[in-house]
Structure formats: structure tokens, C-alpha cells
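If you want the building blocks of each chain, they are given just below.
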Amino acid sequence: MTSQQQIITIAILALMTVLTRALPFLIFPAGKPTPKYIQYLGKALPLAVFGMLVVYCLKDVKWLEGMHGIPEIAGIVAVVLTHLLRRQLFLSMAVGTALYMVLIRVMV
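Rules used in this analysis
Starting from 1, residues in each chain are numbered consecutively following that chain's sequence as written. With the structure being a predicted model, the display of local features is reserved for residues of pLDDT at least 70 and the display and counting of side-chain atom pairs for 80 or more, all residues being used for whole-chain, interface and lining totals. Where side-chain values are given, they derive from all heavy atoms of the structure, hydrogens and water being excluded. Each helix corresponds to a stretch of at least 4 residues labelled H or I by DSSP, and each strand to a stretch of at least 2 residues labelled E; elements are numbered beginning at the N terminus. We compute the radius of gyration over the C-alpha atoms and compare it with the globule rule, which gives 2.2 Å times the number of residues raised to the power 0.38. The rule is simple: take the accessible area with a 1.4 Å probe, protein chains only, and divide by the maximum for that residue type; under 20% is buried, over 50% is exposed, in between is partly exposed. Between two residues, a contact is recorded if the distance between any of their heavy atoms is within 4.5 Å. Reported accessibility uses the Shrake-Rupley method at a 1.4 Å probe radius. Residues are deemed covered only where the shown protein chains occlude them.

Engineer: Can you tell me about the overall build of the protein chain, naming the residues and giving the values?
Structural biologist: Looking only at helices and strands, the protein chain features four helices and zero strands. Its helices and strands taken in sequence order, the protein chain reads α-α-α-α from the N to the C terminus. Relative to a compact globule of 108 residues, whose C-alpha radius of gyration would be 13 Å, the protein chain shows 21 Å and is clearly more extended. Along the first, second and third principal axes, the C-alpha set of the protein chain runs to 50 × 45 × 20 Å. Expressed as a percentage of the 108 residues in the protein chain, the buried residues total 10%. Within the protein chain, residue pairs in contact and separated by at least 24 positions form 34% of the contacts whose partners lie at least 6 positions apart. Surface accessibility of the protein chain: about 9200 Å² in total, with carbon and sulfur atoms responsible for 73%.

Structure representation (C-alpha cells):
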């Protein structure tokens, strides 16, 4: 890529970043109520994305071979227990991920 192409690419990416950040404020100004379907999406999509993430992470686990499945199950249990105790989604995910990462290194 030439220097001119790099500059154009960076400029386009910067413009698109600013537009994606500003677009919600332009479409939904502060004085107007947020449409019902946007409110619904704000409630439904985080759970749907989290569900898809769980399915994606568990799809290739070979549950009946060796020690496979134990780190995954322990991570899931850690996420559920942490969430039941603290009710903080990001803390729950961090604890479960950390436990999983430790177990896959230790149990190899």
C-alpha cells in the first residue's frame, strides 16, 4: 500500500468510527422517547449474545475423552455461582474465564 492509500484508509476508518459513535445520538435525540423495539433489543440482545457465546464455546468439546469437559464445566459452575452471589455479569465472566484458563494449563 502506498502512503497515499494508507492515509485514505486511515481517514475513512476514522470517519466511520466517528459516524458509528455519533449515529445513535443523531437518530435518537435526548428529547424524544426511545422506540419500543429499540428498548426490546436493548433487553433481549445481551442475553442472546451471551447464549450464542456459550454454545460457540462448548460446540467442539469432546465430553467423553480424557479430562476434556472438566475445565469447561468448572468454568460454567464458577460463572453461575459468582453471578448468583454477586449479580455482576462482567465479574462472573472474568472469574469463570480465569478458572477455565488456569485449569486448561494445569490439567494438560
